Amino acid sequence: MKREATADAIGTHERASATPVRDAASHAPVGAAPSLPERLDLRFMQEWFARIVTTPESEPAPVDEGSALALATPSATLTSLERLEIYRRSYHARLVECLADDYPALQHHLGEEAFDALCRRYIARFPSTGPSLNDFGRHMAAFCRGEALPEPGFAADLASLEWAIVLAIHAPTARVITEADLAGIAHDSWPGACLIANPSLRFMRLEYPANAYFQAFRTGGNPVLPAANATNVVVYRTGTSIWRMELAPAALVLFEALAGGARLQQAIERAAPLLDRAEDIQQVAGWFRSGVASGLFVGVAAD
Amino acid sequence: MANRFNLPDLGVGLGLRTVHYSHIVEARPTVAFFEVLSENYMQTAGRPLDYLDRVADRYPVVMHGVSMSIGSTDRLDRRYLAELKALRDRVGALWVSDHLCWTGVAGRNTHDLLPMPYTEEALDHVAGRVRAVQDFLGAPLVLENPTTYAELAGATMPEWEFLGRLAEQADCGILLDVNNIYVSSKNHGFDPMTYLDAVPYDRVVQFHVAGHTDHGTHIIDSHIGPVIDPVWRLLGAAHRRAGGASVLLEWDAEIPGFEETHAEALRANEFIGGRA
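As the structure is a computational prediction, the values presented were derived from the model and not from experiment.

Draft legend 1. Looking closely at the environment of Thr18 of chain B. Here Thr18 of chain B shows up in the loop between β1 (12–15) and α1 (21–27). When the C-alpha atoms of Thr18 of chain B and Glu264 of chain B are compared, they prove to be 18 Å apart, with 246 residues separating the residues in sequence.

Draft legend 2. The arrangement of the pairing of strand β4 (residues 202–206) of chain A in detail. Residues and elements named next belong to chain A. Burial of the side chains of β4 is restricted to one face: Arg202, Met204 and Leu206 are buried, whereas none of Phe203 and Arg205 on the reverse face is. Two strands pair when backbone bridges link them, and β4 and strand β5 (residues 231–238) are joined in this way by five bridges, in the antiparallel orientation. Residue pairing across strands places Phe203 opposite Val234, the latter belonging to β5.

Draft legend 3. Representation of helix α9 (residues 249–259) of chain A. All names here are of chain A. Burial analysis of α9 places nine of its 11 residues in the buried class, which makes it a mostly covered element. Within the sequence span of α9, burial applies to Ala250, Ala251, Leu252, Val253, Leu254, Phe255, Glu256, Leu258 and Ala259. The secondary structure elements touched by the buried residues of α9 are β3 (194–197), β4, β5, β6 (241–247), α10 (264–271) and α11 (281–294). Residue Gly261 follows α9 closely and has a positive phi angle near 105 degrees.

Draft legend 4. The arrangement of the sheet that holds strand β8 (residues 204–210) of chain B in detail. Residue and element names in this part refer to chain B. Reading around the barrel, the eight strands line up as β1-β2-β3-β4-β5-β7-β8-β11 and close back on themselves, with parallel pairing between neighbours. Adjacent strand axes in the sheet meet at a mean angle of 30 degrees, parallel and antiparallel pairs treated alike. With three bridges connecting them, β1 and strand β11 (residues 246–250) associate as parallel partners. Across the sheet, the residue bridging to Val12 is Val247, located in β11. Sitting on the sheet, helix α8 (residues 229–242) is in contact with β7 (173–177), β8 and β11, with an inclination near 170 degrees to β8.

Reading guide: rules and limits
Residues numbered from 1 in each chain as written. Chains lettered and ligands numbered in written order. Predicted model: local features only at pLDDT ≥ 70, side-chain atom pairs only at ≥ 80, totals over all residues. Helix = DSSP H or I, 4+ residues; strand = E, 2+ residues; numbered from the N terminus. Buried ≥ 20, exposed ≤ 12 C-beta atoms within 10 Å, placed from the backbone. Pairing = 2+ DSSP bridges. Contact = placed C-beta atoms within 7 Å. Axes fitted to C-alpha atoms, helices over the stretch in contact; angles between N-to-C directions.

In structure tokens form, the structure reads like this:
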């Protein structure tokens, strides 16, 4: 089993007080303003301001030149509407940047323009409700499946893989066991042994070789859309490094079973039907040792 | 110790950014303090916290948030505050700051620092919420003057009066961002020295400086690039009036390597020492 590192994945958004830089203020489509009460109280102002800011830039915001004056004063260089538009652009730009941080390979696959459009639809569909942007992109894989993309299945697989990396970054840190930790387990205790999974483990059954695409992208290549070809991948973290490892179908079942709490004997029995030949049972032992050495587990309990 | 809260003058520090994590934990450069973006270490149990723990073990840390939404008309988010307090206690942050703004309403978060109307109604509203947050945290909240691109209609006072009165009314601290004053002064057409004249300096706990981007018709607080001299001079003037307070450089986009970023921060010493 070959594993590949994604050590420089960030997974944390530099959510600072900075404003994303975009083009200078411009005239936006003018929309229909709400009927204004006699006095704009704080709640009304905030709700209206928020509606303007969060309205997709492809649509007219609920404000016109006249009503904008009721909300914001003009400056020497910008109209009230242009000043409000700065906030609308910043809102969308910031969240697109956030999704681009999480999904760089998806952005590469779709191209900047299509990715930007996808993100804007995502932002409209899943507006942020939490204080942190760490989990803002969590719906992207499912969202891709329902979008009119060139190959939505591949986009969804790629998004699943990239989101698994984000999840691994934010999963609790645990000290992984090594083969030395297994040395004290008696031979006849092995069938009943239970392993505790690394809390960052994420198993994926993908329709496309998304991991190979991702690896090519990360190493500076210019991968193109691959043909459908089922692959299994596990993503996890040890220390500061994120790892991706492709797994044979039987290995996936073995590790999933162990991570789910099955005893070693039970896990092997679940994986066995996927093995081609009887001698491949020897391969299971190799996978197991490799899985332990790679950091898939953080504890072991044997009777 | 110039401020009324007895919060220390830590010197010239730097915002902790992910691109510098490895360098900081491996090379252990000499830095007076780090300011961490609170929300980057919330809703996570993993690598960001690991790095932060290692940084906090070695350096003084202060926390700077962007999602408290102190001016919102939504209820205060108690779960957010609890997580904020837990993070502060975990890393031993010397103070917690956020912005004089609102970030969302009706349960949504725009993740932007949206402007307040500077009215008596808003002043009373924010002051009450600041007091509630301080009661919860058991410590003064430090509020930063934001950059604004629009002045909301109906204002009955300028921002500097609102900030000063708020600080007195709520008994909170001030994080004075002199780049924000500069940017807003250009966007709205006021004299930044008028702003500086109105600040209650015994409440100033910290200063911010940063770069910005001039679009001609308006300036964006982009935190890109080096700090321009007029902003440094504002820092010098404000720092002298405060009798000293911690200074921090924010550089949040197109971030250069650690040494270059830190060298830019340390330029503050040329101006707060009175030599510029």
